[in-house]
Amino acid sequence: MELATKPTVKTLGDYAYQAIQKHLKKTLKWEKAVKKDEDPEALHQMRVGMRRLRTAVSRLSIALDLPKSASDKNIGKIARRLGNLRDLDVLKETLENNYKPNLPRKEQQSLQTAFTALAKQREDVFLNVQKTLKNEPYKSLKEELNEWLDTPSYQPLASIAIQQVLPDLLLPEVSSFLLHPGWLVGTQFVESEVTIQTNWKSEKIEKQLTEQGESLHSLRKESKRIRYQMELFTDLYGESYAAYLTEVKNIQEILGTMQDSVVLAEWLADIFKSEIHTEMPTLATLLTENRYQSWQQWQPLQERYLKAETRHSFHLTILHPM
């Protein structure tokens, strides 16, 4: 009779190691293509890899004894340089694919001024990325993290079973997400009950975005942080967790679309040295419509996450890994 083998208990250290290995590998896979500037997708993938590596390092450092080069500050600086270049590529793709085909010929011709300015701006930012990838902070990060993966060093907490500490890792992130002031944009309190103001006309939404847009942008960044952390542990939870993760991703994307439209309008106003409504009225209208549609998608999610039962259920889901 064969003896049953005891299942291997995965530890916090195991998960931390796997996350760093996976995201460093992804980052390095795309480095050569980014240096050659061959494909915008390579830049996108390397940026995502670096951001996820940063999440793994910053959130799981309690279990790890990492080299100094793998600090949140260093990885964040490199990720931001890649992000600056990626943002310009997204700007160009959005203008070319989403807006230019829907503009009258005169505005399409005017848009060429923007594309020329964008190309010049991108040259400068790309040089900065090339310099970053040749500099000591990045080289040290690569070399020292690879060395760490060969001979990892841990803190005492690394030996604890992952299920035992998972709620403690994730619940602070969930609380920061749910307590973010961005949830209250466009709401009012009636006898201590928060109510969402609906059926707004476009002008009122525009005013709200001018006054409170930064708070929504900050909530978008918070949703991205919690999404990346939750994605580290999808295999340890069930359907409810997956559903919350999908909604967090939707929140990030909807608020991102809204913010990108605001940034695009501001960037064009700077390029043309005038209000975009004066220079490109059709494009200005399309951008306003885009923000209006994003707001309509945002409000049902906002309403759902302001309900006590949704928040309570989210916490309960995190408390019970499989």
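Residues numbered from 1 in each chain as written. Predicted model: local features only at pLDDT ≥ 70, side-chain atom pairs only at ≥ 80, totals over all residues. Heavy atoms only, no water.

Caption draft 1: Molecular detail of the overall build of the protein. Scanning the protein from N- to C-terminus turns up 12 helices and two strands. When the helices and strands of the protein are listed from N to C terminus, the series reads α-α-α-α-α-α-α-β-β-α-α-α-α-α. Along the first, second and third principal axes, the C-alpha atoms of the protein reach 80 × 55 × 35 Å. Considering the protein as a whole, with its 322 residues, one finds that 45% of them fall into the buried category. Sequence-distant contacts in the protein: of pairs separated by 6 or more residues, those separated by 24 or more amount to 82%. (Helix = DSSP H or I, 4+ residues; strand = E, 2+ residues; numbered from the N terminus. Buried < 20%, exposed > 50% of the residue type's maximum accessible area, 1.4 Å probe, protein only. Contact = heavy atoms within 4.5 Å.)

Caption draft 2: Here's a closer look at the packing of helix 7 (residues 162-178) against helix 12 (residues 308-319). Where helix 7 contacts helix 12, the two axes come as close as 9 Å, and the packing angle between them is 165°. Of the possible angle classes, the one that applies to helix 7 and helix 12 is roughly antiparallel. For helix 7 against helix 12, the interelement crossing comes out right-handed. Across the interface between the two elements, Pro167, Leu170, Leu171, Val174, Ser175, Phe177 and Leu178 from helix 7 touch Arg311, Phe314, His315, Ile318 and Leu319 from helix 12. Among the residues making up the contact of helix 7 with helix 12, the classes are represented as nine nonpolar, two polar and one charged. (Axes fitted to C-alpha atoms, helices over the stretch in contact; angles between N-to-C directions. Parallel < 35°, antiparallel > 145°, perpendicular 65-115°, else oblique. Left-handed = near helix turned anticlockwise from the far one by under 90°. Nonpolar A, V, L, I, M, F, W, Y, C, P; charged D, E, K, R; others polar.)

Caption draft 3: Geometry of the pairing of strand 2 (residues 193-196). Looking at chain direction, strand 1 (residues 187-190) and strand 2 are connected through four bridges and run antiparallel. What sits directly across from Val190, in strand 2, is Glu193. Linking strand 1 back to strand 2 in an antiparallel pair, the connection comprises two residues, with Glu191 at a positive phi of about 50°. (Pairing = 2+ DSSP bridges.)

Caption draft 4: Quick peek at the packing of helix 4 (residues 72-99) against helix 6 (residues 136-150). For the pair helix 4 and helix 6, the least separation of the axes is 10 Å and the interaxial angle reads 115°. The interaxial crossing formed by helix 4 with helix 6 has left-handed handedness. Residues Asn74, Ile75 and Ile78 of helix 4 touch helix 6, and the partners they reach there are Pro137, Tyr138 and Leu141. Tallied by class, the residues present in the contact of helix 4 with helix 6 amount to five nonpolar, one polar and no charged.

Caption draft 5: Local environment of the layout of surface pockets. As a volume, the largest pocket reaches approximately 1400 Å³. Along the walls of the largest pocket sit 42 residues, with Arg47, Arg51, Asp87, Arg220 and Lys224 positioned nearest its centre. Elements that contribute at least two residues to the lining of the largest pocket include exactly helix 3 (40-60), helix 4, helix 8 (202-231) and helix 9 (239-272). In terms of residue class, the lining of the largest pocket is made up of 10 nonpolar, 15 polar and 17 charged. Looking at the second largest pocket, its volume works out to about 320 Å³. In terms of lining, the second largest pocket is formed by 13 residues, of which the most central are Glu206, Val262, Ala265, Glu266 and Arg291. For the lining of the second largest pocket, the secondary structure elements donating two or more residues are helix 8, helix 9, helix 10 (276-279) and helix 11 (281-305). For the lining of the second largest pocket, the leading source of residues is helix 9, giving four residues. Of the residues that constitute the lining of the second largest pocket, the class distribution is seven nonpolar, two polar and four charged. (1 Å grid on protein atoms, 1.4 Å probe; cavity = no way out; pocket = protein on both sides within 12 Å on 5 of 7 lines; lining within 4 Å. Points joined across faces, edges and corners; volume = space filled by probe spheres on them.)

Caption draft 6: Inspection of the nonpolar core at higher detail. Grouped together as the largest cluster of nonpolar side chains are 92 residues, with contacts concentrated most on Ile20, Phe177, Phe233, Leu268, Leu283, Trp298 and Phe314. Residues in contact with Leu283, not counting those within four places in the same chain, are Leu95, Tyr99, Leu103, Glu107, Leu111, Leu268 and Ile276. (Core = buried A, V, L, I, M, F, W, Y, C linked by side-chain atoms within 4.5 Å.)

Caption draft 7: Seen up close, unusual backbone geometry. Phi at Asp37 takes a positive value of approximately 55°, unusual for a residue other than glycine. For Asp37, the location among the structural elements is in the loop between helix 2 (31-36) and helix 3.

Caption draft 8: Spatial organisation of a negative patch on the surface. Taken together, Glu136, Glu143, Glu147 and Asp150 make up a surface patch of like negative charges. Here Glu136 shows up in helix 6. (Patch = residues over 30% accessible without salt bridge, like charges linked within 9 Å, V, L, I, M, F, W, Y side chains within 5 Å. Areas by Shrake-Rupley, 256 points an atom, 1.4 Å probe, with all protein chains shown as cover. Salt bridge = Lys/Arg side-chain N within 4 Å of Asp/Glu carboxyl O. Lys, Arg positive; Asp, Glu negative; His and termini not counted. Charge placed at Lys NZ, Arg CZ, Asp CG, Glu CD.)

Caption draft 9: Highlighting the environment of Pro181. Its place among the elements puts Pro181 in the loop between helix 7 and strand 1. In this structure Pro181 comes out as exposed when scored by relative accessible area, which is 52%. With 37 residues separating them along the chain, Pro181 and Ser218 place their C-alpha atoms 9.0 Å apart.

Caption draft 10: Representation of the side chain of Ser223. Along the polypeptide, Ser223 turns up in helix 8. The class of Ser223 is buried, set by a relative accessible area of 0%. Aside from chain neighbours lying at most four places away, what touches Ser223 is Phe177, Val248, Ile251 and Gln252.

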